[in-house]
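So you can see what is in the structure, the chains are spelled out below.
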Amino acid sequence: MRSKGQIEHDETDVADPRELEFQALIDSDQRIEPRDWMPDGYRKSLIRQIAQHAHSEIVGMQPEGNWITRAPSLRRKAILMAKVQDEAGHGLYLYCAAETLGVDRSELIDLLDQGRQKYSSIFNYPTLTWADVGAIGWLVDGAAITNQIPLCRCSFGPYARAMVRVCKEESFHQRQGFESLYALSHGTTEQHAMAQDAVNRWWWPSVEMLGPPDTESTHSAQSMAWGIKRFSNDELRQRFIDMVAPQAVVLGLTPPDPELRWNEERGHYDFGKPDFEELRRVVGGDGPCNRQRAAHHLKAQEDGAWVRAAAAAYATKHPAASAAA
Ligand code: BYC
């Protein structure tokens, strides 16, 4: 039988025995480890996706970091600081996972700063009020875990293992966002209005961040054949809507989608058409905050150069101490 991963090959291809072994591992749902042979396209695709994912975690600290100094209470400030630190940790696990594929994180970070690698569209939107922090936790982390739980079963071992801890922390982030938004929604009239306004602005970008529709997704078919992705962008989008639509009712907030309603026959929520033209524009660099996010990342890299140089010099002088740390 023709295996799923052979979709890009011509019938006349002479199969490389290493490729057959690789595909057999994928087809029997086992993990590919860094020491294993892998096709160049698989390696490249993973580096692309893991790097984009790592960059998203790091750039994703900016919109929420914007509210650390203005959180409304010490408790909210402590929670937000811990969450933003978690995102930094996720970025670091992911750069480590990418490094097992033979790249160095400094190369990836340079590619990001040169605009040659992407990060998630969602972080190019501004956080205008405190309620945006709750909306990000509920919707953005909600979309992120919908996408990332299946990645715990990704065929590449180091990526799949990194995702297990990331998903546990993201689930906690989603709950804190829900709780924060619930408090606002059930607070004063002004607080309720602020929560509703945040949901109005973050709803569609969160629905869109799961990627272009399947008909326009360039990588999905091959990534699914290789067991990198387990579900298509549209399947994940439906799962996300099915999760958050009933949660919105509990929150007492109305998603800005007049077509959102339960479809008994399908066993899913129907929803309106996301603005994929806007997604294309934002991914292409023309979102509300793309320039600000890129400039801030570059400045942080430059400002931190001396720390990296000092850490490297220390590691050279004291290799045993650095390995233990
Ligand atoms: N934004 O063929 P497609 C977080 C690109 S952070 C930007 O469907 P694929 C958090 C795509 O890269 C969560 N670009 O691609 C952190 C491709 O372009 P290239 C971030 C997008 O890879 C802090 C092109 O469009 N999560 O949780 O099959 C605070 C065609 O797309 C986007 C991840 O990164 C987008 N939204 O599927 C709070 C998860 N969508 O590369 C929370 C890992 C598409 O050919 N990544 N593109 O130039 C994935 O699962 C997949 O890469 C995607 C896209 C589902 C995002």
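Look above for the structure.
Just so we're clear, the structure is a prediction, and the values are computed from it rather than from any experiment. (Residues numbered from 1 in each chain as written. Predicted model: local features only at pLDDT ≥ 70, side-chain atom pairs only at ≥ 80, totals over all residues. Heavy atoms only, no water.)

Caption draft 1: A look at the site of the ligand. In the region of the ligand, 32 residues are neighbours, and Gln 52, Lys 118, Ser 217, His 219 and Lys 229 sit closest. In this structure, an oxygen atom belonging to the ligand sits 2.8 Å away from a main-chain N or O atom of Thr 218. The contact in question runs from an oxygen atom of the ligand to an N or O atom on the side chain of His 219, over 2.6 Å. Out of a free accessible area of 1,000 Å², the ligand has 91% covered by protein chains. Counting residues per element, the ones that place at least two in the shell around the ligand are helix H2 (40-59), helix H4 (74-99), helix H6 (131-148) and helix H7 (157-185). By residue number, the principal contributor to the shell around the ligand is H2, which donates six residues. (Near = heavy atom within 4 Å. Polar contact = N/O pair within 3.5 Å; in protein donor to acceptor, adjacent residues only side chain to side chain. Areas by Shrake-Rupley, 256 points an atom, 1.4 Å probe, with all protein chains shown as cover. Helix = DSSP H or I, 4+ residues; strand = E, 2+ residues; numbered from the N terminus.)

Caption draft 2: Highlighting the packing of aromatic side chains. Throughout the structure, instances matching the rule amount to eight aromatic pairs. Ring centres of Trp 138 and Trp 203 lie 6.5 Å apart, and the angle between their planes is 50 degrees; this geometry places the pair in the tilted category. Of this pair, Trp 138 sits in helix H6 while Trp 203 sits in helix H8 (residues 189-208), and the two are 65 residues apart along the sequence. Judged by its relative accessible area of 0%, Trp 138 falls in the buried class. Grouped by ring-pair contacts, the aromatic residues Phe 22, Trp 37, Tyr 42 and Trp 226 constitute a single cluster. Over the ring of Trp 67 we find Arg 70, and its NZ or CZ is 4.0 Å from the ring centre. Over the ring of Phe 231 we find Arg 239; its NZ or CZ atom is 4.0 Å from the centre of that ring. (Phe/Tyr/Trp six-rings, centres within 6.5 Å; stacked < 30°, edge-to-face > 60°. Buried < 20%, exposed > 50% of the residue type's maximum accessible area, 1.4 Å probe, protein only. Lys NZ or Arg CZ within 6 Å of the ring centre and 35° of its normal.)

Caption draft 3: Summary view of helix H1 (residues 17-27). Among the residues of H1, Phe 22, Gln 23 and Ile 26 are the ones counted as buried. Looking straight down H1, one finds that the buried residues subtend no more than 95 degrees of arc, so they occupy a single side. Within H1, the exposed residues directed more than 90 degrees away from the buried face are Pro 17 and Glu 21. Buried residues in H1 make contact with H2 and helix H9 (220-225). Of the residues that open H1, the one with a side-chain oxygen 2.8 Å from the backbone nitrogen of Arg 18 is Asp 16. At the exit of H1 stands Asp 29, carrying a positive phi of roughly 60 degrees. (Arc of directions from axis to C-beta. Contact = heavy atoms within 4.5 Å.)

Caption draft 4: Representation of the side chain of Ser 56 within the structure. Secondary-structure assignment places Ser 56 in helix H2. In this structure Ser 56 comes out as buried when scored by relative accessible area, which is 9%. Once residues lying within four places of it in the same chain are set aside, the contact partners of Ser 56 are Tyr 119, Ser 120 and Phe 123.

Caption draft 5: Up close: the nonpolar core. The biggest cluster of nonpolar side chains holds 41 residues, and the ones touching the most others in it are Trp 138, Leu 181, Trp 202 and Trp 203. Secondary-structure elements contributing two or more residues to this core are H4, H6, H7, H8 and helix H10 (233-251). If one sorts the elements of this core by residue count, H6 sits on top with eight residues. Apart from residues no more than four positions distant in its own chain, Leu 181 is found in contact with Ala 131, Gly 134, Ala 135, Trp 138, Ala 195, Val 199, Leu 251 and Leu 253. In this structure, Ile 58, Leu 101, Leu 108 and Phe 156 belong to the second largest nonpolar core, which totals 28 residues. (Core = buried A, V, L, I, M, F, W, Y, C linked by side-chain atoms within 4.5 Å.)

Caption draft 6: Representation of the side chain of His 53 in the model. Secondary-structure assignment places His 53 in helix H2. Other than its neighbours up to four places away in sequence, His 53 contacts Leu 94, Gln 148, Leu 151, Tyr 159 and Met 163.

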